[in-house]
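One-letter residues, chain by chain:
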Number of protein chains: 2
Amino acid sequence: MSDERPLWRRIPAAWELARLGSAGEAPSEWVPAQVPGAVQLDWARAKGLPDYRFGSNVRAYDGLEDYHWLYRTRIPDLGLRPGEEAVFACGGVDYACEVRIGGKAVLRHEGMFSPFETEVGARAGEALEVLVLPAPKEPGEPPGRSQARRSCKPAVSYGWDWHPRLIPLGIWAESGFVVRPRGRLRSAEFSYELAEDLSSALVTVASDPPGAAWRLLDGAGRAVLEGSSEPRVMGSPRLWWCHDQGEPHLYTLEATLGGDVLRRRVGIRRTRLVVHEGGWAVGGFPASRAKPPITVEINGRRIFARGSNWVSADVFPGRVDAGVVRPLVTLARDANFNLLRSWGGAIVNPEAFFDACDEMGMLVWQEFPLACNDYPDDPAYLAVLDRESRSIISRVRRHPCLAIWGGGNELFNAWSGMTDQSLALRLLNRNCLDLDPRTPFLPTAPLDGMGHGDYRFRDDRGREVFEIFGTASNTAYSEFGCPGPAPEEALRTFIPEAELWPPRPGTSWETHHAFGAWEADPSSHLYLPMIERYFGKSQGLGELVARGQWLQATGLLAVFEEARRQKPRCSMALNWCFNEAWPTAAGNALVGWPAKPGPAYASAKAACRPVLASARIPRFQWRPGEAFEAQLWVLNDSCDDLPPGQVRACLVAAGERVPLGSWDFPGGKAGRNVAGPALSARVPQAAPGELRLEVEAGPANAWGSAYRLSLAAP
Amino acid sequence: MSDERPLWRRIPAAWELARLGSAGEAPSEWVPAQVPGAVQLDWARAKGLPDYRFGSNVRAYDGLEDYHWLYRTRIPDLGLRPGEEAVFACGGVDYACEVRIGGKAVLRHEGMFSPFETEVGARAGEALEVLVLPAPKEPGEPPGRSQARRSCKPAVSYGWDWHPRLIPLGIWAESGFVVRPRGRLRSAEFSYELAEDLSSALVTVASDPPGAAWRLLDGAGRAVLEGSSEPRVMGSPRLWWCHDQGEPHLYTLEATLGGDVLRRRVGIRRTRLVVHEGGWAVGGFPASRAKPPITVEINGRRIFARGSNWVSADVFPGRVDAGVVRPLVTLARDANFNLLRSWGGAIVNPEAFFDACDEMGMLVWQEFPLACNDYPDDPAYLAVLDRESRSIISRVRRHPCLAIWGGGNELFNAWSGMTDQSLALRLLNRNCLDLDPRTPFLPTAPLDGMGHGDYRFRDDRGREVFEIFGTASNTAYSEFGCPGPAPEEALRTFIPEAELWPPRPGTSWETHHAFGAWEADPSSHLYLPMIERYFGKSQGLGELVARGQWLQATGLLAVFEEARRQKPRCSMALNWCFNEAWPTAAGNALVGWPAKPGPAYASAKAACRPVLASARIPRFQWRPGEAFEAQLWVLNDSCDDLPPGQVRACLVAAGERVPLGSWDFPGGKAGRNVAGPALSARVPQAAPGELRLEVEAGPANAWGSAYRLSLAAP
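Residues numbered from 1 in each chain as written. Chains lettered and ligands numbered in written order. Predicted model: local features only at pLDDT ≥ 70, side-chain atom pairs only at ≥ 80, totals over all residues. Heavy atoms only, no water.

Could you clarify how one ought to interpret the overall build of chain A in this entry?
For chain A, the helix and strand inventory stands at eleven helices and 42 strands. Over its C-alpha atoms chain A spans a radius of gyration of 27 Å, differing by no more than 12% from the 27 Å that the globule rule assigns to 714 residues. Along the longest, intermediate and shortest principal axes, the C-alpha atoms of chain A span 90 × 65 × 55 Å. Within chain A, the fraction of its 714 residues that count as buried is 61%. Long-range pairs, those at least 24 residues apart, make up 72% of the contacts in chain A between residues at least 6 apart in sequence. If you sum the accessible surface of chain A, you get close to 24,800 Å²; carbon and sulfur atoms cover 51% of it. For chain A, the distance from the average position of its 78 positive side-chain charges to the average position of its 84 negative side-chain charges is 2 Å. (Helix = DSSP H or I, 4+ residues; strand = E, 2+ residues; numbered from the N terminus. Rg over C-alpha atoms; globule rule 2.2 N^0.38 Å. Buried < 20%, exposed > 50% of the residue type's maximum accessible area, 1.4 Å probe, protein only. Contact = heavy atoms within 4.5 Å. Areas by Shrake-Rupley, 256 points an atom, 1.4 Å probe, with all protein chains shown as cover. Lys, Arg positive; Asp, Glu negative; His and termini not counted. Charge placed at Lys NZ, Arg CZ, Asp CG, Glu CD.)

Whenever I open this one, the packing of helix α9 (residues 528-535) of chain B against helix α10 (residues 541-565) of chain B confuses me. Can you help?
If you want to describe how two helices pack, look at the angle between their axes and the distance between the axes. Residues and elements named next belong to chain B. One can describe the packing of α9 onto α10 by two numbers: an axis separation of 10 Å at closest approach and a directional angle of 90 degrees. When the axis of α9 is compared with that of α10, the two are roughly perpendicular. On α10, the residues touching L528, M530, I531, Y534 and F535 of α9 are L544, R547, G548, W550 and L551. Tallied by class, the residues present in the contact of α9 with α10 amount to eight nonpolar, one polar and one charged. (Axes fitted to C-alpha atoms, helices over the stretch in contact; angles between N-to-C directions. Parallel < 35°, antiparallel > 145°, perpendicular 65-115°, else oblique. Nonpolar A, V, L, I, M, F, W, Y, C, P; charged D, E, K, R; others polar.)

Can you walk me through the interface of chain A and chain B in this structure?
Quoted interface sizes are often the accessible area lost when the parts come together. Contacts between the two partners involve 53 residues from chain A and, on the opposite side, 53 residues from chain B. Taking both sides of the interface into account, the surface hidden between chain A and chain B amounts to around 4,100 Å²; carbon and sulfur atoms contribute 55%. Taken together, the connections running from chain A to chain B amount to four salt bridges. We note a salt bridge from R430 of chain B to D434 of chain A, for which the minimum N-O separation is 2.8 Å. The interface formed by chain A and chain B includes 20 residue pairs in polar contact (both at pLDDT 80 or more). Elements that contribute at least two residues to the side of chain A that touches chain B include exactly α5 (423-435), β27 (441-442), β28 (450-452) and α6 (465-470) of chain A. (Buried area = accessible area lost by both parts, 1.4 Å probe. Salt bridge = Lys/Arg side-chain N within 4 Å of Asp/Glu carboxyl O. Polar contact = N/O pair within 3.5 Å; in protein donor to acceptor, adjacent residues only side chain to side chain.)

Got a minute to help me understand the relation of the copies chain A and chain B in this structure?
Relating one copy of the chain to the other takes a rotation about an axis and a shift parallel to that axis. Once chain A is rotated about the relating axis by 180 degrees and shifted along it by 0.0 Å, it coincides with chain B to within an RMSD of 0.0 Å. Interpreted geometrically, this transformation is the action of a two-fold axis. When C-alpha distances to the rotation axis are compared across chain A, the minimum falls at R430 of chain A, with a value of 2.5 Å. Mapped onto chain B, 100% of the interface residues of chain A again fall at the interface, so both copies present the same surface. (Least-squares fit on C-alpha atoms with pLDDT ≥ 70 in both.)

Just to check I follow, could you spell out the packing of aromatic side chains for this structure?
All names here are of chain A. Considering all chains together, one arrives at 74 aromatic pairs over all chains under this definition. Ring centres of F665 and W703 lie 6.0 Å apart, and the angle between their planes is 85 degrees; this geometry places the pair in the edge-to-face category. Residue F665 is located in strand β39 (residues 656-665), and its partner W703 is located in the loop between β41 (689-697) and β42 (705-711); the two are separated by 38 residues in the primary sequence. The exposure class of W703 is buried, given its relative accessible area of 9%. Cluster of aromatic residues (ring-pair linked, three or more members): W310, F337, F353, F354, F469, Y477, F480, F560 and F578. The ring of W160 carries R145 above its face, with NZ or CZ at 5.7 Å from the centroid. Looking at R619, its charged tip hangs above the ring of W622, at a distance of 3.9 Å from the centre. (Phe/Tyr/Trp six-rings, centres within 6.5 Å; stacked < 30°, edge-to-face > 60°. Lys NZ or Arg CZ within 6 Å of the ring centre and 35° of its normal.)

I'm lost on empty space enclosed by the protein in this one. Help?
Empty space left among the atoms is revealed by rolling a probe the size of a water molecule over them. Evaluation of the coordinates by the stated rule reveals ten cavities of 30 Å³ or more. Its boundaries defined by the atoms lining it, the largest cavity holds a volume of some 390 Å³. Breaking the lining of the largest cavity down by element, the ones donating at least two residues are α5 of chain A together with α5 (423-435) of chain B. Its residues assigned to classes, the lining of the largest cavity shows twelve nonpolar, four polar and eight charged. Taken as a whole, the second largest cavity holds about 110 Å³ of empty space. As for the second largest cavity, its lining consists of 17 residues, and the residues nearest its centre are V156, S312, V315, P317 and I347 of chain A. Tallied by class, the residues present in the lining of the second largest cavity amount to eleven nonpolar, three polar and three charged. (1 Å grid on protein atoms, 1.4 Å probe; cavity = no way out; pocket = protein on both sides within 12 Å on 5 of 7 lines; lining within 4 Å. Points joined across faces, edges and corners; volume = space filled by probe spheres on them.)

Explain the packing of helix α2 (residues 322-334) of chain A against helix α3 (residues 351-360) of chain A here, please?
Residue and element names in this part refer to chain A. At their nearest, the axes of α2 and α3 sit 9 Å apart, and the two run at 30 degrees to each other. Judged by the inter-axis angle, α2 sits roughly parallel to α3. Pair α2 / α3 crosses with right-handed handedness. The segment α2 lies against α3, with A322, V325, R326, V329, T330 and R333 engaging A352, F353, A356, C357, E359 and M360. Residues of the contact of α2 with α3, tallied by class, amount to eight nonpolar, one polar and three charged. (Left-handed = near helix turned anticlockwise from the far one by under 90°.)

How should the environment of S389 of chain A be read in this particular structure?
Residues and elements named next belong to chain A. Tracing the backbone shows S389 in helix α4 (residues 379-396). For the pair formed by S389 and C152, sequence separation is 237 residues and the distance between their alpha carbons is 9.3 Å. Ignoring any residue separated from it by four or fewer positions in sequence, one finds S389 in contact with F368, L427, L428 and N431. Here L385 takes part through its backbone oxygen, which lies 2.7 Å from a polar atom of the side chain of S389.

What exactly am I supposed to notice about unusual backbone geometry here?
Glycine aside, the phi torsion of most residues is negative, and most peptide linkages are trans. Residue and element names in this part refer to chain B. Note the cis peptide between A445 and P446, where omega equals 0 degrees. In this structure, P446 sits in the loop between β27 (441-442) and β28 (450-452). Cis rather than trans, the peptide bond between S524 and H525 has omega equal to 0 degrees. Counting through the fold element by element, H525 comes out in the loop between α8 (508-511) and α9. Non-glycine residue C372 carries a positive phi angle of around 55 degrees. Relative to the assigned elements, C372 resides in the loop between β25 (363-367) and α4 (379-396).

Pasting the structure below:
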């Protein structure tokens, strides 16, 4: 879908880069630079730095973010004709810069999400320089995320439990010279007001400059609505749905002015957050309030949001393009997910991400770049946040996949210290209201009623996920996780051979987050003591990986299904996390870098099938002869009523099958779960190993499920 | 503090009023009108309607709000000189109107809180008419508050459990003709940014038109700061404090331009809402958020907010003037209150209220006019709310007493149905941020952690206030109440003699809220069955009133003190309610209409002393010989450390004194409570009657307390 601007000319620029000890230092050496990109990548190429992804090489990149970096190009002969203007159009600089022409500063800019332009018409032949300032680091703060607490730079690159400390800098988005007629079609903004009953939409297209003629085309290229400056009523708009509820239908908007034609895919839908069924009852006096609404309603239908937390798809934002995000979004859709929370510690993704989500019917909860810090009520910070957030909102609001705006991650928790009164969050709420009033806004997650964590299969008190979530009572689980080790073949690509076995702290295992990653637990994220507790010593890497992944896969399955059983009080389950920014040795991601689904991915996919027979299981490990009990359920998030059938459960160990019995499932209503009976049996007398609970379900065994539990020695 | 505008001339207008069956109907009869006032009051005077406050006369006013009402005056000879303009300046019309000059509509306006003007310079001799439209009533809604759900008209007058259904209309604020030079000084807006450590303030005065010279004068009239367009730094500003924490210091701002001088009292302070001590801990996983902050911090000091809910001081807002509000605010200050919640069901008070609060050091939590309704995401409603709220904020933000903006009352509860996503509340949050960013904003009350209710001495389950609040765990009790009957002498002024005894439903008692007032309890607010349960049948009005007021006074004392004992988790106790709009026969107000403190007032005053010795009591009624136990406390909200002393407790019945023992109080820190021992004794063997727990405290017996309990028959 490319815009046609026959009268525009884009002129490529060749860039060089110099590293400076200070802003005023004269460049002593120039190296080739790729734009978009990052100074660290250019420097590494020029200086032969080792791949930061391997072993502990990442430490060789330490401190590069503290230099000034000077990009240089020459303004080419622009061949400017009367009535034309020429600009240097910059898609984004990470993070703050000064633009100089002919050695003189013409523009200063802070914030990576606001594109900017500067006129260069009369300056052909002169040097254009972009001086990138050192990464912001709050004075007095130790190395870590709190150094980012007075900036809009995503905090994750300052070091996180799954992300190395590597703080990118540079021109990270498409940038170059553009010659165009003055006053030609710059943009066309599509907006609409849907009737309460969704039967019509009042469509407005605001062009800059005003007055563009526009058409809305259906999939066959037929115009279904035409207009210009005045709003037009569209009868029976075909609505955009998330993929599990309907078709993610897109129209094409074509706006024409002068010789220019802008084309964009647009969708029409209504997204709300509503209080769940039964959620208005708040008990006796003194009475508090109902919990904040977190049930997603799309086009008037309440859904259960199944999904995951999307994080940085690469350490370097300049590399996050369609080639990186499309395979990931495809995996998310194929996992039966319908919503991704685009987490506030990371960047707001480029258009390719939202385009893919629009197409594939994936709802997006987009957070602003605030995470786990106390972002201050400071006028200078707020001014940057104001500009950055307005840029972000104006860009992303166009996408029908956008379901929720979020202020940022875990800001109302002790480790952040912000509150409802923090001006940064009130400002974001205001900007969303001003620029995109029909999209819900959450100041942060979790809010009251929502839960984050646990991120372990088994907690300090010995509670397994079955118990932790079986006794929890939340309206949404917007983060939860079970960690597991990376596949052996992946580990071999980034852990040096000599360090592979046994995994030890202080080695590349630790660099890649297998030890001491998460402040709450020193054994994170490999959790060797826990694995050993269930299975004893592992004899080699393969065995260890298999055991860790077993716990991860079983745990994730349990939490997703338990959250779904808690519908309608609960209406959201998003595991932590979906993807990763570089190869981790152990962690919570379902999909390893760059787009390799692990065994936990298959679990999440199974647990998120719209319809499935599910078993509520008390714990992971059993002994022969023990009384085993599981409650059967049929979970239904689909739009279809379910016919009656039979659900049967059976324990399997070492080939021995012990039936638990069956449940004559009476059928069920669209979108409603049905609780069945608790069935029990004795655990088979078999050798230690896997204890498998198989649940078969008629009429179609597509609903069947299997749970991989553990049989210990008697 | 009057502004000097020597070049302005105010020309009085004489008004007449006609009642119309429809907008287009020709007036058939004119009656004299008072401006400011209300059409009902004019009509009653002209037609001899009985006083609505007496008996059930209020029903004679039913339906007057459904007429169109036409105000008429004649534009006088304005004596306009060159360079002058003349306007009709209207302070406020309740609720919507059309202004006509010479029979032609020149202006339409909705909303009572936005003043407006219209030019009349060339129209001398012509008729100026204000056609007041019928009161807004949402189609399809039954008589009651929900009829106000699409308007900014305060919902209370549609009928409330303590307010008659009587819906005022008319020109309710100062209005008339003004002749003035064009372009002269219209306003001077004072604002400041306090340094984090409060050591200096950056003061800005923005005048309209710009360029006024200004001075800040201290109490002796000495200029302490001068300036014009540029901000000026003020070292060591003398801060405004609420009266119990310091001096409510006010400066005088004097702005001069041309011949005009504007004078206004201004104060400098910083108010925040912060999370209470210990409030950041939220337990294990899944982790939610910390509760919303509700502890008031003024000038860096956290305080306990003791106070009440301020409601309509009269049925007719046009009568709420300095003469009405100053005695009430004085009573609030004398009750040791430091904060009033100006409740969203009622009007936003005129300046006289805020002036009095500024002077007397009374903090104000000001809600916008939304209460107990689902105010819609409707563009027409939102447009009016936008204008009304901007008018309100621009006016009230000047007052140092303003501590909190609130979106409205109980909007996140089942009976309202709004949520954090409601556009009306997001709009109010935005407008407050835009126009008064340094004042905290609460979307509604209660929020999570806060409690509203109970409003009874004893609930349906038999729990008394001692138990209800002793087992509650809230961050703020922003509404709670104990009802009681009005004093006998008051009852005799508005209940017809024939109806006085015994009180019965269907009589003026019910009209004045003694029966079936509150939907949750048909015996509200007289609670005859409850009074009888404790004391048996009452033999006459005097005995009934004394018994009811006894329960009320004892209950309120208990709740205020219990809330204070829960400091720091709890940091606010505001009873429901402070005042009333007309004489109620029974209810929760501390002060009867118009400004008569009842016995419960004395209780609240005692319980809100900055320092007191307090006893935690298990229940109200006792039998001789029972084991009585009470825990002693010293409550300290003052800024002073307390010296050691002794606290003694003693039970008194029919002259017999039984000591419970004493506690050698070790002294205490400023602002900190000290918990003492639980002391016990046998209840005296005495005849039924009052059982008094007296707590004496040294060194100064000013801390002493007394609790009036009941001794039943053995």
